[in-house]
There are 2 protein chains.
Amino acid sequence: MKVTINDVAKHAGVSMKTVSRVINKEPSVRKKTYDQVMQAVKELNYQPNTAARNLAGTSSFAIGLVYDNPNAYYIIDMQNGVLSRCKEEGYELVIHPCNAQREDMQAEIATMIKRSRLAGLVLTPPLSEQQPIIDMLDELGVSYVRLLSGHNEQEENARNCIYVDDFAAAYEITEHLITLGHKHIAFVCGDEEHKSTTERLAGYKQALADHQIACNEDFIHKGTYSFESGVNGAKALLKDGNPNQITAILGGNDEVAAGALFAARLMNIEIPAQLSISGFEDSPFSRQTWPKLTTAHQANNVISEHAARLLFSKTRGSRNHDKDIVTTFTPNMVVRESTGPAPR
Amino acid sequence: MKVTINDVAKHAGVSMKTVSRVINKEPSVRKKTYDQVMQAVKELNYQPNTAARNLAGTSSFAIGLVYDNPNAYYIIDMQNGVLSRCKEEGYELVIHPCNAQREDMQAEIATMIKRSRLAGLVLTPPLSEQQPIIDMLDELGVSYVRLLSGHNEQEENARNCIYVDDFAAAYEITEHLITLGHKHIAFVCGDEEHKSTTERLAGYKQALADHQIACNEDFIHKGTYSFESGVNGAKALLKDGNPNQITAILGGNDEVAAGALFAARLMNIEIPAQLSISGFEDSPFSRQTWPKLTTAHQANNVISEHAARLLFSKTRGSRNHDKDIVTTFTPNMVVRESTGPAPR
DNA sequence: AGTTAAAATGACAACGCTGTCAAATAGCTA
DNA sequence: TAGCTATTTGACAGCGTTGTCATTTTAACT
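Please read these numbers as outputs of a predicted model, since none were measured by experiment.

Observations regarding the protein's contact with DNA strand C
Working step 1: Of all residues adjacent to DNA strand C, which total 27 residues, the nearest are A:I5, A:S20, A:Y46, B:T18 and B:T33.
Working step 2: Sugar and phosphate atoms form 64% of the subset of DNA strand C atoms that lie within 4 Å of the protein.
Working step 3: Within the contact set of DNA strand C, a phosphate oxygen lies 2.7 Å away from a backbone nitrogen or oxygen of B:S15.
Working step 4: Between B:T33 and DNA strand C, the recorded distance is 2.3 Å, taken from a side-chain N or O atom to a phosphate oxygen.
Working step 5: Elements supplying a minimum of two residues to the surface near DNA strand C: α2 (16-23) and α4 (50-56) of chain A together with α2 (16-23) and α4 (50-56) of chain B.
Working step 6: Of the residues that constitute the surface near DNA strand C, the class distribution is ten nonpolar, ten polar and seven charged.

Section: the relation of the copies chain B and chain A
Copy one and copy two of the chain differ by a rotation about a common axis and a shift along it.
Working step 1: Overlay of chain B on chain A (RMSD 0.1 Å): rotation 180°, translation along the axis 0.0 Å. Here the copies are linked by what is in effect a two-fold axis. No C-alpha of chain B approaches the rotation axis more nearly than that of B:A51, which lies at 2.3 Å.

Things to note about the interface of chain B and chain A
Working step 1: In this assembly, 41 residues from chain B lie in contact with 41 residues from chain A.
Working step 2: With both chains or domains summed, chain B and chain A bury close to 4,000 Å², and 60% of this area falls on carbon and sulfur atoms.
Working step 3: For the chain B face of the interface with chain A, the top three residues by lost area are B:R115, B:Q288 and B:W290, together amounting to 17%.
Working step 4: Summed over the shared surface of chain B and chain A, the number is two salt bridges.
Working step 5: For A:E108, the salt bridge goes to B:K87, with nearest N and O atoms at 3.3 Å.
Working step 6: Here chain B is connected to chain A by nine residue pairs in polar contact (both at pLDDT 80 or more).

Focus on the packing of aromatic side chains
All names here are of chain B.
Working step 1: Counted under the stated rule, the structure contains twelve aromatic pairs over all chains.
Working step 2: Arranged with centres 5.2 Å apart and planes meeting at 50°, the rings of F61 and Y91 form a pair that is tilted. Of this pair, F61 sits in the loop between α4 and β1 (62-67) while Y91 sits in the loop between α5 (72-89) and β2 (92-97); the two residues are 30 residues apart in sequence, bridging distant segments of the chain. Here the two residues F61 and Y91 agree in accessibility, since each one is buried.
Working step 3: When the ring of Y73 is compared with that of F285, the centres are 6.5 Å apart and the planes differ by 65°; the resulting orientation is edge-to-face. In this pair, Y73 sits in helix α5 while F285 sits in the loop between β9 (276-278) and β10 (295-297), placing the two residues 212 residues apart along the sequence.
Working step 4: You can call Y73 buried: its relative accessible area is 8%.
Working step 5: The class for F285 is buried, based on a relative accessible area of 2%.

Some points on the side chain of A:N71
Working step 1: Residue position: A:N71 is located in the loop between β1 (62-67) and α5 (72-89).
Working step 2: With residues near it in sequence (within four places) discarded, A:N71 still touches A:N253, A:E255 and A:E281.

Notes on the pairing of strand β5 (residues 161-164) of chain B
Residues and elements named next belong to chain B.
Working step 1: Residues C161 and Y163 point to one face of β5 and I162 and V164 to the other, with burial holding for every one of them.
Working step 2: As paired elements, strand β4 (residues 143-149) and β5 share four bridges and run parallel to each other. In the sheet register, R146 faces β5, and the bridge partner there is C161.
Working step 3: Two strands pair when backbone bridges link them, and β5 and strand β11 (residues 328-329) are joined in this way by two bridges, in the parallel orientation. Paired with V164 across the bridge in β11 is F329.

Focus on the sheet that holds strand β6 (residues 185-188) of chain A
Residues and elements named next belong to chain A.
Working step 1: The strand order across the open sheet built from four strands is β7-β6-β8-β9, with neighbouring strands paired in parallel fashion. Only two strands of the sheet have a single neighbouring strand rather than two, namely β7 (220-221) and β9 (276-278).
Working step 2: Across the sheet, helix α8 (residues 166-179) lies against β6, β8 (248-251) and β9, angled at about 170° from β8, the strand it touches most.

Quick notes on the pattern of salt bridges
Residues and elements named next belong to chain A.
Working step 1: Within the structure shown, the criterion is met by 24 salt bridges over all chains.
Working step 2: For the salt bridge of E217 with K205, the shortest nitrogen-to-oxygen distance reads 3.6 Å. Taken together, the residues span a long stretch of sequence, with E217 in the loop between α9 (195-210) and β7 and K205 in helix α9 at a distance of twelve residues.
Working step 3: Looking at K205, the relative accessible area reads 31%, which means it is partly exposed.

Describing the protein's contact with DNA strand D
Working step 1: Lining the immediate surroundings of DNA strand D are 28 residues, of which A:T18, A:T33, B:K17, B:S20 and B:N24 lie closest.
Working step 2: A:T18 places a side-chain nitrogen or oxygen 2.7 Å from a phosphate oxygen of DNA strand D.
Working step 3: In this structure, a base oxygen belonging to DNA strand D sits 3.4 Å away from a main-chain N or O atom of A:A56.
Working step 4: Elements with a contribution of two residues or more to the surface near DNA strand D: α2 and α4 of chain A together with α2 and α4 of chain B.
Working step 5: Partitioning the surface near DNA strand D into residue classes produces ten nonpolar, eleven polar and seven charged.

Side note on the domain arrangement of chain A
Working step 1: As assigned here, chain A comprises domain 1 (5-48), domain 2 (62-165 + 300-329) and domain 3 (166-297).
Working step 2: Here the C-alpha centre of domain 2 of chain A lies 33 Å away from the C-alpha centre of domain 1 of chain A.

Quick word on the packing of α2(A) against helix α3 (residues 31-44) of chain A
Residue and element names in this part refer to chain A.
Working step 1: For the pair α2 and α3, interaxial distance at closest approach is 10 Å and the crossing angle is 90°. With respect to each other, α2 and α3 are oriented roughly perpendicular. Contacts between α2 and α3 pair T18, V19, V22 and I23 from the former with T33, Y34, V37, M38 and V41 from the latter.
Working step 2: Split into classes, the residues belonging to the contact of α2 with α3 amount to seven nonpolar, two polar and no charged.

Regarding the packing of α5(A) against α5(B)
Pairs of packed helices are described in terms of their axes, by the angle between the two and the distance that separates them.
Working step 1: Packing of α5(A) against α5(B) brings their axes to within 9 Å, and their N-to-C directions diverge by 80°. In terms of orientation, α5(A) and α5(B) fall into the roughly perpendicular class. Side by side, α5(A) and α5(B) meet where A:A72, A:Y73, A:I75, A:I76 and A:Q79 of the first sit next to B:A72, B:Y73, B:I75, B:I76 and B:Q79 of the second.
Working step 2: Residue composition of the contact of α5(A) with α5(B), grouped by class: eight nonpolar, two polar and no charged.

A few points about the nonpolar core
Working step 1: Among the nonpolar cores identified, the biggest contains 142 residues, and A:I249 and B:I249 are the most heavily contacted of them.
Working step 2: The contacts of A:I249, once residues within four sequence positions are left out, are A:A186, A:V188, A:A234, A:L237, A:L238, A:L275, A:S276, A:I277 and A:S278.

Regarding the UniProt feature "domain: HTH lacI-type" (unreviewed entry) in chain A
Working step 1: Under the UniProt annotation, "domain: HTH lacI-type" (unreviewed entry) lies at residues 3-57 of chain A.
Working step 2: Between the C-alpha atoms that bound residues 3-57 of chain A there is a distance of 19 Å. The span itself is 67% helix and 0% strand.

Here we look at the sheet that holds strand β3 (residues 120-123) of chain B
Working step 1: The sheet built from six strands is open, its strands ordered β2-β1-β3-β4-β5-β11 (chain B) with parallel pairing. Looking at the sheet topology across the chains shown, the edges are occupied by β2 and β11 of chain B.
Working step 2: Bridge count for β1(B) against β2(B) is six bridges, and the pairing is parallel. Opposite B:Y67, over in β2(B), you have B:P97 as the bridge partner.
Working step 3: Seen against the sheet, α5(A) touches β1 and β2 of chain B and runs at an angle of roughly 90° to β2(B).
Working step 4: Sitting on the sheet, helix α6 (residues 105-116) of chain B is in contact with β1, β2 and β3 of chain B, with an inclination near 165° to β2(B).

Rules and cut-offs
Once a new chain begins, its residue numbering starts again from 1 and follows that chain's sequence as written. Lettering of chains starts at A and numbering of ligands starts at 1, both following the order in which they are written. Only residues with pLDDT of at least 70 are given local features in this predicted model, and only at 80 or more are side-chain atom pairs given and counted; all residues enter the totals for whole chains, interfaces and linings. The side-chain numbers reported here are obtained from all heavy atoms of the structure, hydrogens and water having been left aside. We call a residue near a given molecule or strand whenever any one of its heavy atoms falls within 4 Å of it. Pairs of N or O atoms are called polar contacts if they sit within 3.5 Å, as long as, within protein, a hydrogen donor faces a hydrogen acceptor (for residues adjacent in sequence, only side-chain-to-side-chain pairs). Secondary structure elements follow DSSP: runs of H or I no shorter than four residues count as helices, runs of E no shorter than two count as strands, and numbering proceeds from the N terminus. Each residue gets one of three labels, nonpolar for Ala, Val, Leu, Ile, Met, Phe, Trp, Tyr, Cys and Pro, charged for Asp, Glu, Lys and Arg, and polar for the others, Gly among them. To superpose the copies, least squares is applied to the C-alpha atoms of every residue with a pLDDT of at least 70 in both. Two residues form a contact once any of their heavy atoms are found within 4.5 Å. Put simply, buried area is the surface a 1.4 Å probe can reach on two separate parts but cannot reach once they are joined, added for both. When a carboxyl oxygen of Asp or Glu is within 4 Å of a side-chain nitrogen of Lys or Arg, the pair counts as a salt bridge. Working definition: rings of Phe, Tyr and Trp (its six-membered ring) pair if their centres are within 6.5 Å, and the pair is stacked with planes under 30 degrees apart, edge-to-face with planes over 60 apart, and tilted otherwise. Each residue's exposure class comes from its accessible area (1.4 Å probe, protein chains only) as a fraction of the maximum for that residue type: buried when under 20%, exposed when over 50%, partly exposed otherwise. Two strands qualify as a pair provided DSSP detects at least 2 bridges between them. Geometry is summarised by axes, namely lines fitted to C-alpha atoms with helices restricted to the contacting stretch, and by angles between N-to-C directions that run from 0 to 180 degrees. The domain boundaries here were taken from an automatic or database domain assignment. Under this scheme an angle from 65 to 115 degrees is roughly perpendicular, one under 35 degrees roughly parallel, and one over 145 degrees roughly antiparallel; angles in between are oblique. Nonpolar core, defined: a set of buried Ala, Val, Leu, Ile, Met, Phe, Trp, Tyr and Cys residues in which side-chain atoms within 4.5 Å join the residues together. UniProt positions are given in the numbering used here, feature names are shortened, and annotations may be inferred rather than shown by experiment.

Here's what the structure looks like:
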């Protein structure tokens, strides 16, 4: 029933170690030997025991995905991307949702790493932005890859980062609205402490500046990345009969935009005839509102797959070529029905 | 740096085996000894090595979550529920998304079980409904828990099932609509092969029957559990000026309902003034539409936590008491703004 | 105090694999 | 063909736990 490496070795007429070499794709195994072993593996339907490999080997065959993010779509995409890479490499994925608020979060992560002897970690925002965590990981000597908002700064410490250029995306969307004739464009920010918020806001401001549109601080509403925040933000911006004559709202993400859409509906405002609204991220969500959201497509599963790729390239003896790993992703604008020409 | 069980043993002045007993909460350890060991564990900050435990022990410290479901909210909730239980028990969770379409799915699952020597499996619908998979698991001798639509039938093989009573929930929602005066109530089904579809449809029919309302097969639209299907379903049901005078639509789930909402909007139908729409599952989604959806709340994280609980109660020497494990959950109706009195 | 059963603890060999290092073989050159 | 190096293979000892079973300690009796 249970097939061990020893069985395979006997069946192929070689030593256990040679089988091990084949399994691990180590070099210096003659083609003929390799084939013999593979044949035996197939015939016996041998499955290497992960626990034993983890225990005996230098590094384990598991990586971790750590997140503190309430957005289900985001997480699932991230997870799937990393998972697909793991499958490819024969690694296991240990997922670890956590709460940045909690005091013991760091200790918890450290515990997990030790217990599972993780080979590496993929960190998603906003955790990836927290220096204390990074410091702890460095101290523990675990390799990790951070998903960050921004663009590759060519810095030394950028080696283990994957960037999403939110600045560029926000710039593009804002410019799109400007081209449509909008002059009073508001922005409902996501969580202040997320770097994506800063980046998106900066892109928005830059686009305004480049088109000689003064940036009115009243047009910027501070909020969080949630539907409710979108509702409140839009309500606040448009209250008292929209004195600022806002004709477009940029949502911090799709949920915020959906919230703004919701608020607009409550106020009997026609979208996009009277008000344009755009989102961010292109979650499935943005296709399930009415009207559908203009947004910036961010292929989270691809991004996270590359994160895992990068991690593996560092973990193992760089068998992978770093060359084909993209480290900066720029979301593309997707124009749908929620944005239109500015009303006059 | 690395603390082993041996270090703890020395520090506490006992044998390795005794430390092991403490770690595993085995009986027959004197309180005094127990305290000594725990103290040493704390002082040295000892973390048991999962790989070694998996290798040496009879069963491993990992369970698997297998799913084939595109619904991100559903998966995340399920995952979180199982994960919280795992954390409690010191287990790891191996997640395994898969595609029921693929030929090699079964082999893949078997491989995963063998590689990781999983202690058990949690199966979510629709995979949990597929007999071939169940047979394979039985053959492999792995313990598992199935999440199913239906109610506990007290059958022998129901021992490892957690039920969600979709029948009752559909009945409740339909009755709610009937009470509001609706007589022409349509149903947009989810995927035909999902048991939840059958159950929900049956509940709907039963409610109609109990209230002497004839069931018109034209009111039943076969579709899938997707937004698009909701759009298409509603369009089909209401086309040509709504000849059937449908005043309410029951969506197969929240996404379908949101799709119906979308379609209604396209047709300039007021919700709920002209048409009531209700969903199913109470995903975050249902609170982010306009108007918010009436739906049936299904606490997926609680449900899955109980699934894990049940699994652990079977896996280990029934240290857990089966008694406090709920095996049938009935979703509660949540009335929001998408349903209202029937127009006259 | 002496006997016996029950409870608590410990010694030691697995678990299935990989790292280390030594041995064997192959591929050269002279 | 001997002599040498580079390549390929194998023997064996761990990795950090737990299972088995023997041993010691405690408790509960005469």
